[in-house]
Amino acid sequence: FRSEYETDRMKFIGRNRSLMNPLGLRGPLSGTTGNVLDPIFSLRKTLHLEGNAHSKFFFVLGVAGSRDEALEIIDRYQDPHAFDRENDMAWTRSQIETRHLGLEAEEISLFQELAATLFFSSRILRPPQELLRKNLLNQPKLWAQGLSGDLPILGTRVTSNHDLPLVKQLLRAHEYLRMKQVLFDLVILNDQETSYRSALQEEILHLIRSQGSHALLNQNGGIFPLRTDLLSPDEKS
């Protein structure tokens, strides 16, 4: 086996080339560390097989907090049987989680798509550009509401009790994704008419309590039920 790697995006793409015809697919990878602010992750393993021969190899992708932890992960997966064990354990964990939350496969798929939009901006869920241009506030303005701004924010507006099923589903999504270590702030904006706003706010808080998420109220990576009548016009937009 011959192993190669590349972390320098410019070296991988090559001068006057693009991702449609990168230099890294036509020659050896440099094995150097590139610009860490604009990295690429490319691995290549080359092997030569005789006629009728076969081989099996695995790529393991992992994240570690230190070099020692990364080396420990590498040692753990040197044994190919470790993949079978991890697969069985992952299946068992998945079954326990889905039973605990009462989720169906379609809903899990929906929540996973939602997670992708939190980290890779989606036009479908973002406000229109004309509304975004009106926002003149910066991150520190979030602090007054307990929001740090360090995590992705998912916001929804609630105008009546008819929106409560959506709130309940978003609370389930928040709990499921937290179990997967996908952290974000869920902001629920109560935008009902003033005379009924308090009653709707209590319904929202009841849903949060019944979901077992009361401890996450106004916490980093938690749930923020806000009344829009207590926000300034700039904060609302």
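Just above, that's the structure.
Criteria and thresholds
- Along each chain, the written sequence defines residue order, and numbers are assigned to residues from 1.
- In keeping with the model being predicted, local features are shown solely for residues with a pLDDT of at least 70 and side-chain atom pairs are shown and tallied solely at 80 or more, while totals for entire chains, interfaces and linings include all residues.
- Only hydrogens and water are set aside when side-chain values are computed; all heavy atoms of the structure are taken into account.
- The working definition used for a salt bridge is a side-chain nitrogen of Lys or Arg within 4 Å of a carboxyl oxygen of Asp or Glu.
- Under the scheme used here, helices are H or I runs from DSSP no shorter than 4 residues and strands are E runs no shorter than 2 residues, and both carry numbers assigned from the N terminus.
- Relative accessibility under 20% of the residue-type maximum defines a buried residue, over 50% an exposed one, and the middle range a partly exposed one, all with a 1.4 Å probe and only protein chains included.
- Each nonpolar core is a collection of buried residues, namely Ala, Val, Leu, Ile, Met, Phe, Trp, Tyr and Cys, held together in the definition by side-chain atoms within 4.5 Å.
- Throughout, a residue-residue contact means that at least one pair of heavy atoms, one from each residue, lies within 4.5 Å.
- Under the convention used throughout, the expected extent of a helix is 1.5 Å for every residue step, that is, one less than its residue count.
- Fitting a line to C-alpha atoms yields each axis, with helices limited to the stretch in contact; the angle taken between N-to-C directions then spans 0 to 180 degrees.
- Orientation categories follow fixed angle ranges, with anything under 35 degrees roughly parallel, anything over 145 roughly antiparallel, 65 to 115 roughly perpendicular, and all other angles oblique.
- Under the grouping applied here, Gly and all other residues not named as nonpolar or charged are polar, the nonpolar ones being Ala, Val, Leu, Ile, Met, Phe, Trp, Tyr, Cys and Pro and the charged ones Asp, Glu, Lys and Arg.
- Cavities and pockets were defined on a 1 Å grid built from protein atoms only: a cavity is a group of points that admits a 1.4 Å probe but offers it no way out, a pocket is an open group of points flanked by protein on both sides within 12 Å along at least five of seven lines, and a lining residue is one with an atom within 4 Å of any such point.
- Grid points are joined across faces, edges and corners, and a volume is the space filled by probe spheres set on the points.

Draft legend 1. Region of interest: the pattern of salt bridges. Tallied over the entire structure, the rule returns seven salt bridges. With a shortest N-O distance of 3.3 Å, D191 and R157 are connected by a salt bridge. Placement of D191 in the loop between strand 4 (185–190) and helix 7 (194–210) and of R157 in strand 3 (residues 153–158) is noted, with a sequence separation of 34 residues between them. Across the pair D229 and R227 runs a salt bridge, and its minimum N-O distance is 2.7 Å. Owing to a relative accessible area of 29%, D229 belongs among the partly exposed residues under this scheme.

Draft legend 2. Local environment of the nonpolar core. Membership of the largest hydrophobic core comes to 27 residues, with the highest contact counts inside it found for L154, L171, Y176, L186, I188 and I223. Listed by contribution, the elements that provide at least two residues to this core are helix 4 (105–119), strand 3, helix 6 (164–179), strand 4 and helix 7. At seven residues, helix 6 tops the list of elements feeding residues into this core. Excluding residues that lie within four positions of it along the chain, Y176 makes contacts with L101, L103, I108, F111 and Q112. V187, L189, F224 and L226 belong to the second-largest nonpolar core, a separate cluster that totals six residues.

Draft legend 3. Inspection of helix 6 at higher detail. Taking 1.5 Å as the rise per residue, helix 6 with 16 residues should run 22 Å; its terminal C-alpha atoms sit 23 Å apart, in good agreement. For helix 6, the elements touching its buried residues are helix 3 (81–101), helix 4, strand 3, strand 4, helix 7 and strand 5 (223–227). Remark: Q181 follows helix 6 within two positions and exhibits a positive phi of approximately 65 degrees.

Draft legend 4. Region of interest: the packing of helix 4 against helix 6. For the pair helix 4 and helix 6, the least separation of the axes is 10 Å and the interaxial angle reads 75 degrees. The angle between the axes of helix 4 and helix 6 places the two elements in the roughly perpendicular class. Residues E107, I108, L110, F111, Q112, L114 and A115 of helix 4 form the contact with helix 6, whose own contacting residues are Q169, L170, R172, A173, Y176 and L177. Looking at the contact of helix 4 with helix 6 residue by residue, the class counts come to nine nonpolar, two polar and two charged.

Draft legend 5. Region of interest: the layout of surface pockets. For the second largest pocket, the calculated volume is near 760 Å³. What lines the second largest pocket is a set of 25 residues, and nearest its centre among them are L43, F58, F59, V60 and I74. Every element with two or more residues in the lining of the second largest pocket is listed here: strand 1 (2–8), strand 2 (39–46) and helix 2 (67–76). The greatest single-element share of the lining of the second largest pocket, amounting to four residues, is contributed by strand 2. Here the residues of the lining of the second largest pocket sort into 17 nonpolar, four polar and four charged.

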